[in-house]
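One letter stands for each residue in the lines below.
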Amino acid sequence: MNNRLHILYRTPKEIETIIKKSVRGQDEGVKTVATALSAHLLRIRYAQSHPGRELQKDNILILGPTGTGKTESIRSVIRSLDLPIPVAVISANTLTGSGWRGKNTTTILDDLRQACKPIIQKEPRIWGLNADLYQQDKDQYKKLINKACVELCSHGIIVLDEFDKLRARSDDGQDAFFQRMVQHELLKIIEGGIGFGDDPYTEEIDTTGILFIMMGAFSDMYEQQQDIGFGSEAAPEVAFHLPSTQELINYGYIPELIGRIPVRTSYKALTEDALFDILKNSNVSPVVDFIRLFAETENRLRFDDVALRAVAKLSISEKAGARGLRSVLDRVIYPILYNTPPDTGVIKITEATIKDGAPPLIVSTDDYLNYIHKELQSGNGGSTAKDEN
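Structure report, in brief.

Criteria and thresholds
- Residues numbered from 1 in each chain as written.
- Predicted model: local features only at pLDDT ≥ 70, side-chain atom pairs only at ≥ 80, totals over all residues.
- Heavy atoms only, no water.
- Helix = DSSP H or I, 4+ residues; strand = E, 2+ residues; numbered from the N terminus.
- Buried < 20%, exposed > 50% of the residue type's maximum accessible area, 1.4 Å probe, protein only.
- Polar contact = N/O pair within 3.5 Å; in protein donor to acceptor, adjacent residues only side chain to side chain.
- Contact = heavy atoms within 4.5 Å.
- Pairing = 2+ DSSP bridges.
- Axes fitted to C-alpha atoms, helices over the stretch in contact; angles between N-to-C directions.
- Parallel < 35°, antiparallel > 145°, perpendicular 65-115°, else oblique.
- Nonpolar A, V, L, I, M, F, W, Y, C, P; charged D, E, K, R; others polar.
- Salt bridge = Lys/Arg side-chain N within 4 Å of Asp/Glu carboxyl O.
- Phe/Tyr/Trp six-rings, centres within 6.5 Å; stacked < 30°, edge-to-face > 60°.
- Lys NZ or Arg CZ within 6 Å of the ring centre and 35° of its normal.

1. Some details on unusual backbone geometry
With the exception of glycine, most residues fall at negative phi, and the peptide bonds are largely trans.
At step 1: You will see that F218, though not glycine, has its phi angle at about 45 degrees, which is positive.
At step 2: Within the secondary structure, F218 is located in the loop between β6 (211-216) and α9 (219-227).
At step 3: For F218, a relative accessible area of 0% translates into the label buried.
At step 4: Phi at K319 is positive, roughly 55 degrees, even though this residue is not glycine.
At step 5: Among the secondary structure elements, K319 is positioned in the loop between α14 (305-316) and α15 (323-339).
At step 6: Taking relative accessible area as the criterion, K319 reaches 71% and is therefore assigned exposed.

In structure tokens form, the structure reads like this:
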């Protein structure tokens, strides 16, 4: 691996802090993911300083309900640190065996190659790319881009979402046969080597150092655990109980594949408090999106804390984790956006707006500032921290 790739080491605690700016209520799961990502950076640095020698990777399995922050944990780190590490997120549910129609296991490397191009565009010169070369020899220019992609892919990250959909159920007959076929093909790529894919440059990608992160809701397994007391309705703060290797094999995975995923952690179902925290404090809160959307119309959208609490309560019934927050807000805010002319003033969302569909409180900016002043004097803290963003 070429030392021109500048990989700064980040400690697990540094990465944990980054993830927690977006993902809430997943302390134990985030610690494991942060440590695994930090270790991946160390392995890349080691490979750079010790050519021809590599440390064995530790692939990860993250279990837990949908909308709990599994994918966002990875995206937030790459986004915040601006690392020269390509990341491809693929739905395992779309994978088919080689020779069959659809996305097969080798084409996931094509997705990883595509993720390299924005990285190369940021610093083209370190890859020998410049405008003069493009004008003089376009074929050589393209060749250098492809070689750069091959190098970057060798330490990339492939996220396989909906990994639970790859299970081979014993009662599925032909479907189980195809699922096992996909598992065996995936195993070859995870084990490491070259020669995967139809494109000559894709075939050059050495998958030995690529970190694989498997994710899945494992909903039926989760429901079984609820029946015996893990993560039940009475105690939603309890994390998904990590299954053993044998339990995963019994669930429908070939032993060799599970053996290549040594790091396992779980994300728990989000509580009302965690959902409220996401709305009020997370970097990816949908509240921020709607505030910025209304700002484009010269309006100021604001929420009471009690209104946000009502959104959190309603989203629990959506059973979609943090994704349910946006669903609830979409139903409430879109009609308001439709009916509110530009430059109206301040649109205040109250608890009644969320729960009963009552019209929002619309006031002029001056009147709203007076309202805030009175609320602060009374100690109610009527506005969220997002209000002044």
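2. A closer look at the side chain of K348
At step 1: Checked against the element boundaries, K348 lands in strand β9 (residues 346-349).
At step 2: Residue class for K348 comes out buried when judged on its relative accessible area of 0%.
At step 3: Within the structure, the side chain of K348 is placed 3.0 Å from the side chain of D304, a separation counted as a polar contact.

3. Some remarks on the environment of F294
At step 1: Position of F294 among the secondary structure elements: in helix α13 (residues 286-295).
At step 2: A relative accessible area of 0% places F294 in the buried class.
At step 3: Setting aside residues no more than four positions away along its own chain, F294 makes contact with N299, L301, I333, I336, L337 and I347.

4. Section: the sheet that holds strand β5 (residues 157-161)
At step 1: Strand order across the open sheet formed by five strands is β2-β5-β6-β1-β7, with parallel pairing between neighbours. This sheet does not close on itself; its edge strands, each paired only once, are β2 (87-91) and β7 (263-266). Geometrically, the sheet is characterised by an average inter-axis angle of 15 degrees between neighbouring strands, direction not taken into account.
At step 2: Where strand β1 (residues 60-63) lies against β6, four bridges are found, and the strand directions are parallel.

5. Observations concerning the packing of helix α4 (residues 108-122) against helix α6 (residues 138-153)
At step 1: Between α4 and α6, the least distance of the axes is 9 Å, while the angle of their chain directions is 110 degrees. Taken as axis vectors, α4 and α6 run roughly perpendicular relative to one another. Contacts between α4 and α6 involve L112, R113, C116, K117, I119 and I120 on the former and, on the latter, I145, N146, A148, C149, L152 and C153.
At step 2: Of the residues contributing to the contact of α4 with α6, the split by class is nine nonpolar, one polar and two charged.

6. Concerning the pattern of salt bridges
At step 1: Taken as a whole and judged by the stated rule, the model has 19 salt bridges.
At step 2: R79 is the salt-bridge partner of E72, the closest N and O atoms lying 2.6 Å from each other.
At step 3: Overall, the relative accessible area of 18% leaves E72 in the buried class.
At step 4: Salt-bridge contacts for R326 lead to D289; the nearest nitrogen and oxygen are separated by 2.4 Å. Of this pair, R326 sits in helix α15 while D289 is found in helix α13, placing the two residues 37 residues apart along the sequence.
At step 5: On the basis of relative accessibility, which here comes to 33%, the residue R326 falls in the partly exposed class.
At step 6: Three or more residues joined by partner-sharing salt bridges are found here, namely E16, K20 and D27.

7. Some words on the environment of E123
At step 1: Tracing the sequence through the fold places E123 in the loop between α4 and α5 (131-136).
At step 2: In the structure, E123 is positioned 39 residues away from P84 in sequence and 10.0 Å away in space, judged by C-alpha atoms.

8. Here's the deal with the pairing of β2
At step 1: What you see with β2 is a clean split: A88 and I90 sit on the buried side and V87, V89 and S91 on the side with no burial.
At step 2: In this structure, β2 lies alongside β5, joined through five bridges in parallel fashion. Following the sheet pairing, V87 is matched in β5 by I157.

9. Examining the packing of aromatic side chains
At step 1: Considering all chains together, one arrives at six aromatic pairs under this definition.
At step 2: Seen in terms of ring centroids, F218 and Y253 are 6.5 Å apart; in terms of plane orientation they differ by 50 degrees. Their pairing is tilted. Here F218, found in the loop between β6 and α9, pairs with Y253, found in the loop between α10 (245-251) and α11 (255-259); they are 35 residues apart in sequence, far enough to count as distant.
At step 3: On the basis of relative accessibility, which here comes to 3%, the residue Y253 falls in the buried class.
At step 4: With 6.2 Å between their ring centres and 90 degrees between their planes, F290 and Y334 make a pair best called edge-to-face. Of this pair, F290 sits in helix α13 while Y334 is found in helix α15, placing the two residues 44 residues apart along the sequence.
At step 5: In textbook terms, an aromatic cluster arises when at least three aromatic residues are bridged by ring pairs, as seen for F163, F218, Y251 and Y253.
At step 6: Directly above the aromatic system of Y251 lies the positively charged group of R167, at a separation of 3.8 Å from the ring centroid.

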